[in-house]
Amino acid sequence: MNNDIIVVNCPTCGADVEWNAQSKFRPFCSKRCQLIDLGEWADEEKFIPSDAQINDSEDWSEDQR
Ligand SMILES: [Zn+2]
């Protein structure tokens, strides 16, 4: 028996999201909420945890060919 389920709230709609492998879009409840949040982020100042993506885009293309 293991009841250590972590539940977070979707930043977009506030729904409960279980933090596990099934929640592909965590902390969002769905892809839709994720996209909505990204859209808002362009307008508002909003923290978004995407450091990895920013680092990746800097220097991966040069060594490709
Ligand atoms: Zn949501």
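Criteria and cut-off values
- Residues numbered from 1 in each chain as written.
- Predicted model: local features only at pLDDT ≥ 70, side-chain atom pairs only at ≥ 80, totals over all residues.
- Heavy atoms only, no water.
- UniProt positions renumbered as here; feature names shortened; annotations may be inferred.
- Helix = DSSP H or I, 4+ residues; strand = E, 2+ residues; numbered from the N terminus.
- Buried < 20%, exposed > 50% of the residue type's maximum accessible area, 1.4 Å probe, protein only.
- Contact = heavy atoms within 4.5 Å.

- Under an unreviewed UniProt entry, the name given to the chain is DNA gyrase inhibitor YacG, and the source organism is Acerihabitans arboris.
- Quoted verbatim from the Function (unreviewed entry) heading of the UniProt record, the comment on the chain is "Inhibits all the catalytic activities of DNA gyrase by preventing its interaction with DNA. Acts by binding directly to the C-terminal domain of GyrB, which probably disrupts DNA binding by the gyrase."
- Among the UniProt annotations of the chain, the heading Subunit (unreviewed entry) holds the following wording: "Interacts with GyrB."

### Examining the UniProt feature "binding site: Zn(2+)" (unreviewed entry) in the chain
Thought 1: Residues given the UniProt feature "binding site: Zn(2+)" (unreviewed entry) here are Cys 10, Cys 13, Cys 29 and Cys 33. A stretch of 24 residues holds the annotated residues, and the largest C-alpha distance among them is 8.2 Å, short enough that they meet in one place.
Thought 2: Residue placement: Cys 10 occurs in the loop between β1 (7–9) and β2 (16–18).
Thought 3: Residue class for Cys 10 comes out buried when judged on its relative accessible area of 3%.
Thought 4: With near-sequence residues (within four places) excluded, Cys 10 lies in contact with Ala 15, Val 17, Pro 27, Phe 28, Cys 29 and Cys 33.
Thought 5: Relative to the helices and strands, Cys 13 is located in the loop between β1 and β2.
Thought 6: On the basis of relative accessibility, which here comes to 47%, the residue Cys 13 falls in the partly exposed class.
Thought 7: Every residue in contact with Cys 13, bar those within four places of it in the chain, is listed here: Cys 29 and Cys 33.

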